[in-house]
Amino acid sequence: MNNATASTRGKVLPIWTPEDKTFWEREGEAVAKLNLWISVPALFLAFAIWQVWSVVAVGLPALGFKYSTNQLFWLAAAPALSGATLRIFYSFIVPLVGGRRWTAISTATLLIPALGIGFAVQDNTTTYPTMLTLALLCGLGGGNFSSSMANISFFFPKERKGSALGVNAGLGNLGVSVVQFLSPLVVTAGIFGVFGGDAQTIVKNGQTLQVWTQNAAFIWVPWIALASLAAWFGMNDIADAKASFATQATIFGRKHNWLMCVLYLGTFGSFIGYAAGFPLLIKSQFPGINPLAYAWLGPLVGAVIRPVGGWLADKAGGARVTFWNFIVMAGAVLGVIYFLPTGPSGGNFTGFFLMFLVLFLTTGIGNGSTFRMIPVIFLNQKLREIDTRDAAAVARATKEGNTEGAATLGFTAAMAAYGGFFIPKSYGTSISLTGGPEAALYVFFSFYLLCIAITWWHYARKNAPMPC
């Protein structure tokens with residue numbers, strides 16, 4: 001048995017050289033795709049649990065929970081705060097313990113908030129601190145993104161990273177849309193029988209209805225268990241991906257790590273923040289509209305288009321796609337402001353909703369393009385430092401570049417996830433202080449202008465220092 005064939009035996013891959021086209025075509029691609037397609041549903045479930053509060057919070061007042069509007073925005077925003085913080089640690093964990101092990105373990109931890117929320121919402125005397133704690137525990141789902149993306153980045157060659165990361169993240173991001181679409185449906189029936197708990201009684205449009213709000217959380221429990229087992233028994237650890245925290249921590253001294261943190265905050269931070277706050281924003285600005293009938297469409301558009309963003313970046317260049325994408329995002333924010341009830345239009349839900357769909361579309365494209373930029377930047381930076389005619393030096397630089405790129409993917413995702421807290425909380429603060437969300441939206445517009453400038457100067461202009 002030769003070494004290349006031995007590399008695919010067992011759960012640990014002792015040899016992994018995806019840049020070697022012979023290795024990739026013979027066996028690497030099949031192994032990489034298997035790991036990708038197990039990673040996708042695990043990440044999908046992580047996003048579903050992370051964003052389940054964006055739906056549950058909307059329905060709490062009807063169940064008799066006496067929480068203020070600002071407290072409800074806090075419940076929608078809290079998972080992003082804890083998820084972003086956990087991502088900082090999750091960013092570096094795959095090279096420490098292995099992608100297979102960590103995917104299985106981190107997916108299994110999602111059972112804690114899923115079960116906790118399911119029991120808590122059945123009692124409207126549950127205290128607000130308890131609910132806030134459960135919301136913070138949903139951040140376990142948010143943390144998974146950083147480790148998942150870092151892990152998948154090791155499996156694919158440079159020219160395939162954008163597409164692979166786009167698929168992993170894009171289909172994973174679908175969890176946000178599906179949880180907002182599916183939750184209002186599953187709460188209408190006692191699908192778990194005696195195991196699911198009693199129904200709650202609510203009054204909606206003058207009618208008394210029975211609902212099983214706990215189903216919005218319980219529905220994910222069996223799938224989480226299955227995904228954890230699939231990861232444990234079906235995925236692989238890459239021996240060559242092992243690296244100490246100190247090795248990975250070199251990214252904190254890299255300028256491009258911090259620049260990409262800003263750009264990814266503008267794309268993914270916008271996606272997750274808009275997704276978390278969209279239902280409550282619709283409810284506060286257009287009270288006659290059922291937010292759960294429309295809110296799920298935004299994250300759906302952003303998630304589905306993300307792989308296209310990665311593919312476009314592979315073809316046209318990540319910096320070029322990212323630059324033009326931010327220009328459209330800035331224009332879409334002005335469009336949202338125009339169609340608000342306090343805007344020049346006097347309030348037009350159709351225009352407001354369409355502008356948000358454009359925003360979600362561009363967050364998805366930008367998510368894919370920025371994540372294609374990161375591994376290319378760090379690999380190219382390492383290759384610039386060596387003589388590319390030296391095969392040993394190239395191998396060493398490739399490993400170092402991939403390690404730093406993976407760590408940066410995770411860390412930028414951690415920083416960007418704070419957008420999931422900042423955006424809905426900004427809505428709540430702006431509405432409390434000014435009566436409307438315009439102040440928050442103008443802050444977002446200004447931030448997109450900053451992202452346009454950074455992208456153009458460092459990556460997209462002619463003779464840019466790091467074209468990518």
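Cut-offs applied
- Residues numbered from 1 in each chain as written.
- Predicted model: local features only at pLDDT ≥ 70, side-chain atom pairs only at ≥ 80, totals over all residues.
- Heavy atoms only, no water.
- Helix = DSSP H or I, 4+ residues; strand = E, 2+ residues; numbered from the N terminus.
- Rg over C-alpha atoms; globule rule 2.2 N^0.38 Å.
- Areas by Shrake-Rupley, 256 points an atom, 1.4 Å probe, with all protein chains shown as cover.
- Lys, Arg positive; Asp, Glu negative; His and termini not counted.
- Charge placed at Lys NZ, Arg CZ, Asp CG, Glu CD.
- Axes fitted to C-alpha atoms, helices over the stretch in contact; angles between N-to-C directions.
- Parallel < 35°, antiparallel > 145°, perpendicular 65-115°, else oblique.
- Contact = heavy atoms within 4.5 Å.
- Nonpolar A, V, L, I, M, F, W, Y, C, P; charged D, E, K, R; others polar.
- Core = buried A, V, L, I, M, F, W, Y, C linked by side-chain atoms within 4.5 Å.
- Buried < 20%, exposed > 50% of the residue type's maximum accessible area, 1.4 Å probe, protein only.
- Arc of directions from axis to C-beta.
- Left-handed = near helix turned anticlockwise from the far one by under 90°.
- Patch = residues over 30% accessible without salt bridge, like charges linked within 9 Å, V, L, I, M, F, W, Y side chains within 5 Å.
- Salt bridge = Lys/Arg side-chain N within 4 Å of Asp/Glu carboxyl O.
- Polar contact = N/O pair within 3.5 Å; in protein donor to acceptor, adjacent residues only side chain to side chain.
- Disulfide = S-S within 2.5 Å.
- pLDDT = per-residue confidence, 0-100.
- Phe/Tyr/Trp six-rings, centres within 6.5 Å; stacked < 30°, edge-to-face > 60°.
- Lys NZ or Arg CZ within 6 Å of the ring centre and 35° of its normal.

(A) Inspection of the overall build of the chain at higher detail. Scanning the chain for helices and strands turns up 20 helices and four strands. Over its C-alpha trace the chain gives a radius of gyration of 22 Å, about what one expects of a compact globule, namely 23 Å for 468 residues. Projecting the C-alpha coordinates of the chain onto the three principal axes gives extents of approximately 75 × 55 × 35 Å. Accessible area for the chain stands at about 17,700 Å²; split by element, carbon and sulfur atoms hold 67% of it. Looking at the chain, you have 29 positive and 17 negative side-chain charges, and the mean spots of the two groups are 5 Å apart.

(B) Structural detail: the packing of helix H10 (residues 158-186) against helix H15 (residues 297-316). One way to put it is that H10 packs onto H15 with a least axis distance of 7 Å and a crossing angle of 175 degrees. On the basis of their axis angle, the class for H10 and H15 is roughly antiparallel. Contacts between H10 and H15 pair Glu-159, Gly-162, Ser-163, Gly-166, Val-167, Ala-169, Gly-170, Asn-173, Leu-174, Val-176, Ser-177 and Gln-180 from the former with Pro-299, Leu-300, Ala-303, Val-304, Arg-306, Pro-307, Gly-310, Trp-311 and Asp-314 from the latter. Of the residues assigned to the contact of H10 with H15, the class counts are 10 nonpolar, eight polar and three charged.

(C) Spotlight on the nonpolar core. Ranked by size, the top nonpolar core spans 133 residues in total, and within it Trp-53 and Leu-60 carry the most contacts. Broken down by element, this core gets its largest block of residues, 14 residues, from helix H2 (residues 21-50). If you look at the next biggest cluster of nonpolar residues, it comprises five residues, including Phe-92, Ile-251, Cys-261 and Ala-407.

(D) Representation of helix H8 (residues 128-137) in the model. Along H8, the residues classified as buried are Tyr-128, Met-131, Leu-134 and Ala-135. Taken down its axis, H8 places every buried residue within 120 degrees of arc, on the same side. Along its buried surface, H8 packs onto helix H3 (53-59), helix H4 (69-90), helix H7 (111-120) and helix H9 (139-155).

(E) Focus on the packing of H4 against helix H19 (residues 419-434). H19 packs onto H4 with a crossing angle of 165 degrees between their chain directions and a minimal axis gap of 7 Å. Judged by the angle between their axes, H4 and H19 are roughly antiparallel. Of the two elements, H4 crosses H19, and the hand of that crossing is left-handed. For the pair formed by H4 and H19, the contact residues are Asn-70, Phe-73, Trp-74, Ala-77, Ala-80 and Leu-81 on the first element and Gly-420, Phe-421, Pro-424, Lys-425, Tyr-427 and Gly-428 on the second.

(F) Structural view of unusual backbone geometry. Even without a glycine there, the phi angle at Asn-463 is positive, about 65 degrees. Assignment of secondary structure puts Asn-463 in the segment after helix H20 (438-460).

(G) Representation of the side chain of Asp-237 in the model. Along the chain, Asp-237 turns up in strand S4 (residues 237-238). The exposure class of Asp-237 is buried, given its relative accessible area of 2%.

(H) How the structure looks around a nonpolar patch on the surface. Nonpolar side chains collect at one region of the surface, where Leu-96, Val-97, Phe-245, Phe-252 and Trp-258 lie side by side and expose about 430 Å² of accessible area between them. With respect to the helices and strands, Phe-245 occurs in helix H13 (residues 245-248).

(I) A look at the side chain of Thr-455. Relative to the helices and strands, Thr-455 resides in helix H20. From its side chain, Thr-455 meets the backbone oxygen of Cys-451 in a polar contact 2.8 Å long. Leaving out residues up to four positions away in the same chain, Thr-455 has contacts with Leu-263, Ala-319, Thr-322, Phe-323, Phe-326 and Ala-460.

(J) Structural context of the state of the cysteines. Scanning the model with the defined rule gives zero disulfides in all. A disulfide-free cysteine, Cys-468 has its sulfur positioned 14 Å from the sulfur of Cys-451, the nearest such atom.

(K) Just the environment of Ala-319, in detail. Considering the arrangement of structural elements, one finds Ala-319 in helix H16 (residues 318-339). Put simply, Ala-319 and Met-415 are 96 residues apart on the chain and 20 Å apart in space, counted from C-alpha to C-alpha. When sequence neighbours within four positions are dropped, the list of residues in contact with Ala-319 reads Met-373, Thr-455, Tyr-459, Ala-460 and Cys-468.

(L) Structural detail: the confidence of the model for the chain. Summary statistics for the chain give a mean pLDDT of 89 and a share of 97% for residues scoring 70 or more. Note on residues 1-8: pLDDT is under 50 here. Beyond four places in sequence and across chains, it has 18 contacts.

(M) Highlighting the environment of Ala-246. Its place among the elements puts Ala-246 in helix H13. Its relative accessible area of 57% is what places Ala-246 among the exposed residues. Between the C-alpha atom of Ala-246 and that of Phe-92, which follows or precedes it by 154 residues, the distance is 9.8 Å.

(N) Just the packing of aromatic side chains, in detail. If you walk through the whole model with that rule in mind, you get 45 aromatic pairs. On the basis of an interplanar angle of 75 degrees and a centroid distance of 5.6 Å, the ring pair of Phe-47 and Phe-145 is categorised as edge-to-face. In this pair, Phe-47 is assigned in helix H2 and Phe-145 in helix H9, connecting sequence segments 98 residues apart. Note on Phe-145: relative accessible area 0%, which makes it buried. Positioned above the aromatic ring of Phe-371 is the side chain of Arg-306, whose terminal nitrogen or guanidinium carbon lies 5.2 Å from the ring centre. The cationic tip of Arg-461 hangs over the ring face of Trp-457; the distance from NZ or CZ to the ring centre is 3.8 Å.

(O) Highlighting the environment of Phe-65. You can see Phe-65 is positioned in the loop between H3 and H4. Sequence separation between Phe-65 and Gly-309 is 244 residues; the distance between their C-alpha atoms is 41 Å. When near neighbours in sequence (up to four residues on either side) are disregarded, Phe-65 contacts Leu-60, Ala-120, Val-121, Asp-123, Asn-124, Thr-126 and Met-131.

(P) Quick peek at the pattern of salt bridges. Under the criterion given, the structure shown has 12 salt bridges. Here Glu-27 makes a salt bridge to Arg-26, at a shortest N to O gap of 3.6 Å. Notably, a salt bridge pairs Arg-101 with Asp-237, separated by 3.2 Å at the nearest N-O pair. Of the two residues, Arg-101 sits in helix H6 (residues 99-108) while Asp-237 sits in strand S4, which places them 136 residues apart along the sequence. Here the salt bridges do not stand alone but share partners, grouping Arg-254, Lys-382, Glu-400 and Glu-404 into one network.

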